[in-house]
Amino acid sequence: MPIRTASAQWQGNLTEGSGTVRTGKGGLSGNYSFKSRFEEGEGTNPEELIAAAHSACFSMAFSKALADAGSTPTSVETTAKVHLDKTDAGMTVTRIELETVGQVPGIDDAEFQKLAEAAKANCPISRLLSPGAEITLTARLAS
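A brief look at the structure comes next. These numbers were taken from a predicted model, which means no experiment stands behind them.

## Describing the overall build of the chain
- Counting its secondary structure elements, the chain contains four helices and six strands.
- Overall, the chain is about 55 × 35 × 30 Å in size when its C-alpha atoms are taken along their principal axes.
- Taken across its 143 residues, the chain has 31% of its residues classed as buried.
- Restricting to contacts in the chain with at least 6 residues of sequence separation, those with at least 24 account for 47%.
- On the chain, roughly 9,000 Å² of surface is accessible, and the fraction owed to carbon and sulfur atoms is 52%.
- Each charge sign in the chain was given a centre, from 13 positive and 17 negative side chains, and these centres are 7 Å apart.

If you want it as structure tokens, here you go:
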């Protein structure tokens, strides 16, 4: 399997500095700053990048689980909300809320929910993050 890379560059001090982040093949790049991370400033931040990775990984894992069960999805759309909170140990990602909507012909809600939970448990990014953060899932079949 290939090794994936990304890089980040920062200039200046924590509160007034700024930086850029870029994935290895250049698919994603963006600016980040103290304001984009801890306030509502423009740019991205590490938590958004974690959310992007988790939502992409989960969507792929869920699509595979559905197809393996004989219910190939038309689409799976997932949002990940990463919570960065101040704890006794310092700033910590404490919780990630996955919200997914699947358009899956011919599946009932019980099977959809079961496969969504299995995908959450088996997604490589969920497995990476779950020891340190609570991961919740809300899954809904599209009408």
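## Regarding the nonpolar core
- The biggest cluster of nonpolar side chains holds 24 residues, and the ones touching the most others in it are Phe58, Phe62, Leu66, Ile96, Leu98 and Phe112.
- Contributing elements (two or more residues each) for this core: helix 2 (46–68), strand 4 (75–87), strand 5 (90–103), helix 3 (109–122) and strand 6 (134–141).
- Top contributing element to this core by residue count: helix 2, with seven residues.
- Non-local contacts of Phe112, meaning those with residues more than four positions away in its chain, are made with Phe62, Leu66, Gly102, Val104, Ile107, Ala139, Arg140 and Leu141.

## Considerations on the side chain of Thr78
- By the secondary structure assignment, Thr78 is in strand 4.
- At a separation of 2.8 Å, a polar atom in the side chain of Thr78 contacts the side chain of Ser59.
- Among the polar contacts made by the side chain of Thr78, one reaches the side chain of Thr100 at a distance of 2.9 Å.
- Sequence-distant contacts of Thr78, defined by excluding residues within four places in its chain, comprise Ser55, Phe58, Ser59, Leu98, Glu99 and Thr100.

## Points about the environment of Asn45
- Secondary-structure assignment places Asn45 in the loop between helix 1 (34–38) and helix 2.
- Exposure remark for Asn45: the relative accessible area of 7% places this residue in the buried category.
- Taking the C-alpha atoms as reference, Asn45 lies 19 Å from Cys57; in sequence the two are 12 residues apart.
- When sequence neighbours within four positions are dropped, the list of residues in contact with Asn45 reads Tyr32, Ser36 and Arg37.
- Of note is the side chain of Asn45, whose polar atom sits 2.8 Å from the backbone oxygen of Ser36.

Definitions and limits used
- Residues numbered from 1 in each chain as written.
- Predicted model: local features only at pLDDT ≥ 70, side-chain atom pairs only at ≥ 80, totals over all residues.
- Heavy atoms only, no water.
- Helix = DSSP H or I, 4+ residues; strand = E, 2+ residues; numbered from the N terminus.
- Buried < 20%, exposed > 50% of the residue type's maximum accessible area, 1.4 Å probe, protein only.
- Contact = heavy atoms within 4.5 Å.
- Areas by Shrake-Rupley, 256 points an atom, 1.4 Å probe, with all protein chains shown as cover.
- Lys, Arg positive; Asp, Glu negative; His and termini not counted.
- Charge placed at Lys NZ, Arg CZ, Asp CG, Glu CD.
- Core = buried A, V, L, I, M, F, W, Y, C linked by side-chain atoms within 4.5 Å.
- Polar contact = N/O pair within 3.5 Å; in protein donor to acceptor, adjacent residues only side chain to side chain.

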